[in-house]
Number of protein chains: 2
Amino acid sequence: MDNRRIGLFDSGLGGLTVMKELMHMLPAESIVYFGDTGRVPYGGKSVETVIKYTKSDIKFLQTFDLKLIIAACGTASAIALPHLKDQYEIPVMGVTEVTAREAARLTKNGCVGVIGTAGTIRSGAFCELLKQENPEIRCVAVPCPLFVPLVENGYLEHEATRLIAEEYLEPIIKSGADTLILGCTHYPLLSRIIGEIVGDRVRLVNPGVCAATEIKKRLTAQGMLAEKPEEEPYHFYLSDDPGGFTRLGSMFLERPISGHVSRVDIEAYTESAL
Amino acid sequence: MDNRRIGLFDSGLGGLTVMKELMHMLPAESIVYFGDTGRVPYGGKSVETVIKYTKSDIKFLQTFDLKLIIAACGTASAIALPHLKDQYEIPVMGVTEVTAREAARLTKNGCVGVIGTAGTIRSGAFCELLKQENPEIRCVAVPCPLFVPLVENGYLEHEATRLIAEEYLEPIIKSGADTLILGCTHYPLLSRIIGEIVGDRVRLVNPGVCAATEIKKRLTAQGMLAEKPEEEPYHFYLSDDPGGFTRLGSMFLERPISGHVSRVDIEAYTESAL
């Protein structure tokens with residue numbers, strides 16, 4: 001048994017879709033969430049900047065007594081973790097590897113689509129991981145830079161979102177992929193519209209579900225599950241003012257936000273990259 | 001004569017629409033531009049965070065020998081400058097006051113529309129300034145949070161942009177406003193689509209044109225115009241990697257980016273807000 005908390009971080013609120021799955025699968029766990037809302041989004045920023053921000057996010061989470069840190073952010077996972085994750089004593093896990101593994105397992109025709117932020121797709125991380133799983137897999141990766149702002153503004157089923165999604169997803173449909181990785185933790189909120197466009201034939205792979213399943217497996221195997229949650233099991237920290245977080249966060253978490261919410265001065269944890 | 005440079009800053013690239021007008025109206029001036037691309041956008045962030053970032057942007061620009069600093073960003077001008085602008089020895093000027101003054105002068109029926117980021121509209125700055133000019137003016141202000149990401153992704157004339165703009169602009173059209181303030185420096189790039197939706201009857205007020213006109217007037221009155229530009233008159237600094245800046249920046253500047261471009265570690269100029 002290990003009652004220490006699990007730490008999760010994201011560029012903003014998207015990581016709450018991962019937290020949602022964790023809360024569902026592991027209700028005894030206590031969780032600290034950090035959202036870098038003062039510097040959101042990461043998806044269009046450079047590798048150096050995303051590494052610098054990810055380092056500071058982990059540094060802040062290390063101020064808690066945690067058993068595991070999860071980069072609940074597709075961009076941080078794809079771009080920054082390969083450079084960082086072995087530097088820490090505490091295990092730091094991203095969402096890309098487990099998601100790619102699940103997609104490689106699911107595909108029947110060997111063609112997998114990947115959608116993500118500009119940074120994630122530019123990194124080539126998902127395609128590389130898919131090919132490590134199975135060199136025969138054909139990978140079609142498309143950046144969808146407008147999905148994050150559309151989701152953050154609640155345009156989940158808007159006609160404009162549909163028009164943009166149809167354009168983004170065209171190469172995926174043309175490729176004949178039977179599996180599509182939602183490579184950004186915001187995208188599960190667009191599952192419905194994406195599913196309608198690509199059709200039933202294409203399986204959508206949600207990184208939150210993959211990560212939560214893997215975490216449950218790991219903690220169980222290592223005897224590190226929590227016995228019961230703390231009295232206040234969920235703590236949220238944000239680098240911008242938390243005003244509005246309760247409303248918008250509930251959309252991602254699909255339940256009302258309850259628990260401690262406060263602001264953190266992330267500059268204090270940020271080192272110069274130059 | 002005063003050959004010192006003019007400093008301009010913005011949350012990202014939008015301020016280049018102001019720089020474009022300055023370059024056009026004052027070709028003898030040398031300009032330093034700082035774009036906070038590592039923390040863009042400001043528009044959805046809190047007052048405290050925008051003040052913290054604006055202070056650091058000004059602090060960085062103060063490392064140059066300047067005669068004037070311009071907040072070429074609607075959000076920084078509306079939210080942060082009222083708290084900051086009298087703290088500096090060097091004049092610091094925003095785009096909101098001159099733009100509101102011009103709109104108040106232009107309106108014939110006394111009804112003025114304002115569009116801007118969520119933060120700008122929440123601040124009420126434009127409506128307050130319009131009423132200071134003329135207490136009879138009726139002001140209809142609408143936040144357009146998706147315009148910045150649409151512009152940054154080059155969706156200037158896309159059908160999705162049109163659908164979103166039609167919804168945003170509906171209250172402006174209904175109000176009968178004859179004048180519309182483009183309260184964010186990104187919005188002039190959407191002039192065509194906005195103009196088509198609101199119709200010829202509505203005058204669009206571009207903060208870049210208003211600011212450049214005012215700066216020319218002030219520098220002329222004070223005998224502070226430059227004699228001739230430096231050999232390399234335009235210097236660009238960005239807080240994220242400058243890769244891609246030349247291409248995207250040229251869209252805003254409507255001419256190829258030439259001149260010195262480099263990265264600055266803006267954290268070194270940022271103080272804790274807490």
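Quick summary incoming for the structure in this document. As the structure is a computational prediction, the values presented were derived from the model and not from experiment.

The rules behind these values
Per chain, residue numbering runs from 1 following the sequence as it is written. By the order in which they are written, chains take letters starting at A while ligands take numbers starting at 1. With the structure being a predicted model, the display of local features is reserved for residues of pLDDT at least 70 and the display and counting of side-chain atom pairs for 80 or more, all residues being used for whole-chain, interface and lining totals. Computation of side-chain values covers all heavy atoms of the structure but excludes hydrogens and water. A pair of aromatic rings is counted whenever rings of Phe, Tyr or Trp (Trp by its six-membered ring) have centres within 6.5 Å, and the orientation is called stacked for planes under 30 degrees apart, edge-to-face for over 60 and tilted otherwise. Only DSSP runs of H or I covering at least 4 residues are called helices, and only runs of E covering at least 2 are called strands; the numbering of each starts at the N terminus. Buried, partly exposed and exposed residues are distinguished by accessible area as a fraction of the type maximum, computed with a 1.4 Å probe on protein chains only: under 20%, between the cut-offs, and over 50%, respectively. We call a charge positioned above a ring when the Lys NZ or Arg CZ atom is no farther than 6 Å from the ring centre and deviates by at most 35 degrees from the ring normal. Pairing between strands requires that DSSP locate at least two bridges from one strand to the other. For the purposes of this analysis, a disulfide is any pair of cysteine sulfur atoms at a distance within 2.5 Å. Contacts between residues were defined by any pair of non-hydrogen atoms, one from each residue, lying within 4.5 Å. Counted as a polar contact is a pair of N or O atoms within 3.5 Å, where, for protein atoms, one must be capable of donating a hydrogen and the other of accepting one, and residues adjacent in sequence contribute only when both atoms are in side chains. Working convention: axes come from line fits to C-alpha atoms, limited for helices to the stretch in contact. Angles between N-to-C directions cover 0 to 180 degrees. Roughly parallel refers to an angle under 35 degrees, roughly antiparallel to one over 145, roughly perpendicular to one between 65 and 115, and oblique to any angle outside these ranges. Crossings are assigned a handedness: left-handed for a near helix turned anticlockwise from the far helix by less than a right angle, right-handed for a clockwise turn. Classification convention: Asp, Glu, Lys, Arg as charged; Ala, Val, Leu, Ile, Met, Phe, Trp, Tyr, Cys, Pro as nonpolar; all other residues, Gly among them, as polar. Least-squares fitting of one copy onto the other uses the C-alpha atoms of those residues that reach a pLDDT of at least 70 in both copies. In the sections that follow, a salt bridge refers to a side-chain nitrogen of Lys or Arg positioned within 4 Å of a carboxyl oxygen of Asp or Glu.

What follows is about the packing of aromatic side chains. By the definition in use, this model includes 20 aromatic pairs over all chains. Taking the centre distance of 6.3 Å and the plane angle of 55° together, the rings of Y33 of chain B and F236 of chain B count as tilted. With a gap of 203 residues between them, Y33 of chain B in strand β2 (residues 31-35) and F236 of chain B in strand β9 (residues 234-238) connect regions that are remote in the sequence. You'll find Y33 of chain B and F236 of chain B in the same group, each marked buried. The residue whose ring lies beneath R39 of chain A is Y53 of chain A, and the NZ or CZ to ring-centre distance is 3.9 Å.

Residues and elements named next belong to chain A. Across the sheet, 6 strands lie side by side as β4-β3-β1-β2-β9-β10; this open sheet has parallel pairing. At either end of the open sheet lies a strand with only one pairing partner, and these are β4 (92-93) and β10 (260-263). Sheet topology note: the strand β3 (residues 66-71)/β4 ladder contains 2 bridges and is parallel. When the sheet's bridge partners are listed, I69 is paired in β4 with V92.

Residues and elements named next belong to chain A. Enumeration over the complete set of coordinates arrives at 2 disulfides over all chains. Sulfur-sulfur distance for the disulfide between C127 and C139 comes to 1.9 Å. Here the S-S torsion is close to -60°, and the disulfide linking C127 with C139 is therefore left-handed. With C127 in helix α6 (residues 125-133) and C139 in strand β6 (residues 138-143), this pair connects stretches of sequence that are 12 residues apart. This pair shows no difference in class: C127 is buried, exactly as C139 is.

Turning to its location among the elements, D241 of chain A is positioned in the loop between β9 (234-238) and α11 (245-253). Residue D241 of chain A is classed as partly exposed on the basis of its relative accessible area of 32%. Each C-alpha atom, one on D241 of chain A and one on R203 of chain A, is 37 Å from the other, the two residues being 38 residues apart in sequence. Excluding residues within four positions of it along the chain, D241 of chain A makes contact with R263 of chain A together with S46, E48 and T49 of chain B. Within the structure, D241 of chain A has its side chain in polar contact with the backbone nitrogen of G243 of chain A (distance 2.8 Å).

Attention now goes to the packing of helix α8 (residues 159-175) of chain B against helix α9 (residues 191-198) of chain B. Relative placement of two packed helices is described by the angle separating their axes and the distance separating the axes. All names here are of chain B. Contact geometry for α8 and α9: axes closest at 10 Å, N-to-C directions at 50°. With respect to their mutual orientation, α8 and α9 come out oblique. Classified by chirality, the crossing of α9 by α8 is right-handed. The residues of α9 that touch α8, namely those facing T161, R162, A165, E166, L169 and I173, are I193, I194, E196, I197 and V198. A class-by-class count of the residues in the contact of α8 with α9 yields 7 nonpolar, 1 polar and 3 charged.

Before going further, it helps to examine the relation of the copies chain A and chain B. For these two chain copies, the linking operation is a rotation about an axis paired with a shift along it. Expressed as a screw transformation, the operator carrying chain A onto chain B has a rotation angle of 180° and an axial translation of 0.0 Å, and the superposed copies differ by an RMSD of 0.0 Å. Interpreted geometrically, this transformation is the action of a two-fold axis.

Residues and elements named next belong to chain B. Counting buried positions along strand β5 (residues 111-116) yields 6 of 6 residues, so the element is predominantly enclosed. In terms of strand pairing, β5 meets strand β6 (residues 138-143) through 6 bridges, oriented parallel. Considered in β6, the bridge of I115 is made with V142.

This part takes up the sheet that holds strand β8 (residues 203-205) of chain B. Residues and elements named next belong to chain B. Strand order across the open sheet formed by 4 strands is β6-β5-β7-β8, with parallel pairing between neighbours. The open sheet has two edge strands, β6 and β8, and neither has a second partner. Within this sheet the neighbouring strands show an average axis-to-axis angle of 20°, counted without direction. As defined by bridge partners, strand β7 (residues 179-182) adjoins β8 across 3 bridges and the pair is classed as parallel.

The next thing to look at is the interface of chain A and chain B. Counting from both sides, the interface comprises 36 residues of chain A and, opposite them, 36 residues of chain B. One can count 4 salt bridges joining chain A with chain B. The partner of D265 of chain B in a salt bridge is K52 of chain A, with the nearest N and O atoms 3.5 Å apart. Taken together, chain A and chain B are joined by 16 residue pairs in polar contact (both at pLDDT 80 or more). Residue assignment for the side of chain A that touches chain B shows that the elements contributing at least two residues are α2 (47-61), α7 (147-152) and α8 (159-175) of chain A.

For the rest of this paragraph, the subject is the pattern of salt bridges. Counted according to the given criterion, the structure contains 42 salt bridges over all chains. Note that E97 of chain A and K85 of chain A form a salt bridge whose closest N and O atoms lie 2.4 Å from each other. Remark: K85 of chain A occurs in the loop between α3 (74-84) and β4 and E97 of chain A occurs in helix α4 (residues 96-106); sequence separation between them is 12 residues. Overall, the relative accessible area of 26% leaves K85 of chain A in the partly exposed class. As a salt-bridge pair, E102 of chain B and R105 of chain B come within 3.0 Å of each other at their nearest N and O atoms. In this pair, E102 of chain B and R105 of chain B are both assigned in helix α4 (residues 96-106), 3 residues apart and thus about one turn of the helix distant.

Any functional reading would require information beyond the geometric quantities listed.
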